[in-house]
Amino acid sequence: SAEDLTRARDLVAASRRIVAMTGAGISTDSGIPDFRGPNGVWTKDPAAEKLSNLQAYVSSKEVREQSWRNRTGHPAWQARPNAAHQAFVDLERTGRLSAIITQNIDELHQKAGSDPDLVIELHGTMFQTVCLDCDDRRDMQEALARVRAGETDPPCSECGGILKSATISFGQALDVDVLERARVAAVSCDLMLVAGSSLTVHPAAGLVGLAASAGAAVIVCNASPTPYDDQAAVVLRGPLAEVLPALV
Ligand code: NAD
Ligand code: ZN
């Protein structure tokens with residue numbers, strides 16, 4: 001409602017150390033489907049969930065081949081940031097945004113112009129590969145070129161190990177330093193602004209509870225309900241490309 005929007009705007013205006021927590025919903029208007037929204041990848045094909053599971057990836061060549069096939073045509077390679085990403089650039093210019101904790105792997109915050117040092121990529125980036133054996137990191141385009149040239153499951157060029165996108169799959173631990181940075185940001189903010197996340201993936205979602213326990217106000221901007229709506233001062237359901245610019 002207009003009243004909720006006004007309350008949220010007042011809260012944003014009164015806050016000095018805002019931390020954003022973003023999820024796949026902020027990039028749907030850039031043409032990248034989320035997982036659990038109405039047009040989500042898993043909503044449409046629940047079997048696709050196993051492609052995001054580390055154990056399945058490591059143990060099954062078939063899963064890896066399917067993953068690589070999906071990667072080559074992924075909408076993220078062409079995607080442009082939208083008005084919702086831009087809103088965080090505008091908020092940063094006011095000097096009151098201390099971090100963007102994102103569950104996204106699409107680098108659209110950085111492409112929009114957010115300071116890369118403020119962006120905490122909890123779940124990594126799909127623009128790099130990592131070798132699961134020797135940790136060698138490379139540009140994703142290198143692996144994709146090999147796939148396009150006919151390799152169905154390109155091994156690590158250094159050691160022959162299993163190559164994977166540098167993203168966090170289910171069953172895979174988050175980078176400890178990245179998670180620690182996110183925790184520090186969460187406990188030291190005065191407002192946590194959630195945008196486009198179902199807040200069902202942990203430990204990411206738990207950072208919202210952590211911020212609230214440490215005394216931060218919470219605003220949830222998400223089309224569908226989240227488990228943290230009860231702890232939010234305001235919940236806004238509208239489309240993010242409209243809601244976020246209106247907030248900042
Ligand atoms: P999710 O799919 O669980 O939730 C997205 C939420 O956004 C949904 O609740 C949906 O209702 C809402 N939403 C979608 N479009 C919206 C819009 N235009 N306006 C307002 N709300 C909108 O996503 P999640 O919580 O980020 O968790 C999914 C996991 O999948 C994350 O770990 C992430 O790493 C990964 N993922 C990333 C991308 C990406 O990088 N763009 C895309 C898909 C999945
Ligand atoms: Zn290797």
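Quantities reported herein were computed from a predicted structural model and do not represent experimental measurements.

1. Thoughts on the packing of aromatic side chains
Link 1 in the chain: For the coordinates displayed, the defined rule picks out three aromatic pairs.
Link 2 in the chain: Aromatic pair phenylalanine 35 and tryptophan 42: ring centres 4.0 Å apart, planes at 15 degrees, arrangement stacked.
Link 3 in the chain: Relative accessible area serves as the criterion here: at 31%, phenylalanine 35 is assigned to the partly exposed category.
Link 4 in the chain: The structure contains a cluster of three or more aromatic residues connected by ring pairs, namely Phe35, Trp42 and Phe170.

2. Quick look at the coordination of the zinc ion (ligand 2)
Link 1 in the chain: Protein ligation of the zinc ion (ligand 2) involves Cys131 (SG), Cys134 (SG), Cys156 (SG) and Cys159 (SG), the donor distances falling in the range 2.3 to 2.4 Å.
Link 2 in the chain: In this structure, the zinc ion (ligand 2) is surrounded by four donor atoms whose angles at the metal cover 103 to 114 degrees, and the resulting shape is tetrahedral.
Link 3 in the chain: We note that the donor set of the zinc ion (ligand 2) lies within a single chain, spaced as C-x2-C-x21-C-x2-C.

3. Quick look at the site of ligand 1
Link 1 in the chain: Around ligand 1 sit 26 residues, and of these Arg36, Gln103, His123, Ser198 and Ser224 come closest.
Link 2 in the chain: One of the side-chain N or O atoms of arginine 36 is found 2.5 Å from an oxygen atom in ligand 1.
Link 3 in the chain: The separation between an oxygen atom of ligand 1 and a polar main-chain atom of isoleucine 105 is 2.8 Å.
Link 4 in the chain: Protein contacts shield 93% of the accessible area of ligand 1, which totals 850 Å² for the unbound molecule.
Link 5 in the chain: For the shell around ligand 1, the class distribution of residues is 10 nonpolar, 13 polar and three charged.

4. So, the pattern of salt bridges
Link 1 in the chain: Throughout the structure, instances matching the rule amount to 10 salt bridges.
Link 2 in the chain: The closest approach of N and O atoms between arginine 93 and aspartate 90, which form a salt bridge, is 3.3 Å. Of this pair, arginine 93 and aspartate 90 both sit in helix H5 (residues 83-93), three residues apart, which is roughly one turn of that helix.
Link 3 in the chain: For arginine 93, a relative accessible area of 64% translates into the label exposed.
Link 4 in the chain: Judged by relative accessible area, which is 32%, aspartate 90 ranks as partly exposed.

5. A word on the sheet that holds strand E2 (residues 97-102)
Link 1 in the chain: Ordered by their spatial adjacency, six strands build an open sheet running E3-E2-E1-E7-E8-E9, and the pairing between neighbours is parallel. Of all strands in the sheet, those with a lone pairing partner are strand E3 (119-121) and strand E9 (234-236), marking the two edges. Ignoring strand direction, the axes of neighbouring strands in this sheet form an average angle of 15 degrees.
Link 2 in the chain: Where strand E8 (residues 217-221) lies against E9, three bridges are found, and the strand directions are parallel. Note on E9: the bridge partner recorded for isoleucine 219 is valine 234.
Link 3 in the chain: Set on the sheet, helix H9 (residues 206-213) makes contact with strand E1 (18-22), E2, strand E7 (191-195) and E8; between it and E7 the angle comes to about 155 degrees.

Thresholds, definitions, all that
- Residues numbered from 1 in each chain as written.
- Chains lettered and ligands numbered in written order.
- Predicted model: local features only at pLDDT ≥ 70, side-chain atom pairs only at ≥ 80, totals over all residues.
- Heavy atoms only, no water.
- Phe/Tyr/Trp six-rings, centres within 6.5 Å; stacked < 30°, edge-to-face > 60°.
- Buried < 20%, exposed > 50% of the residue type's maximum accessible area, 1.4 Å probe, protein only.
- Donors = N, O, S within 2.8 Å, 3.2 Å for Na, K, Ca; no water.
- Tetrahedral: all angles 85-135°; square planar, octahedral: opposite > 155°, others 65-115°.
- Near = heavy atom within 4 Å.
- Polar contact = N/O pair within 3.5 Å; in protein donor to acceptor, adjacent residues only side chain to side chain.
- Areas by Shrake-Rupley, 256 points an atom, 1.4 Å probe, with all protein chains shown as cover.
- Nonpolar A, V, L, I, M, F, W, Y, C, P; charged D, E, K, R; others polar.
- Salt bridge = Lys/Arg side-chain N within 4 Å of Asp/Glu carboxyl O.
- Helix = DSSP H or I, 4+ residues; strand = E, 2+ residues; numbered from the N terminus.
- Pairing = 2+ DSSP bridges.
- Axes fitted to C-alpha atoms, helices over the stretch in contact; angles between N-to-C directions.
- Contact = heavy atoms within 4.5 Å.

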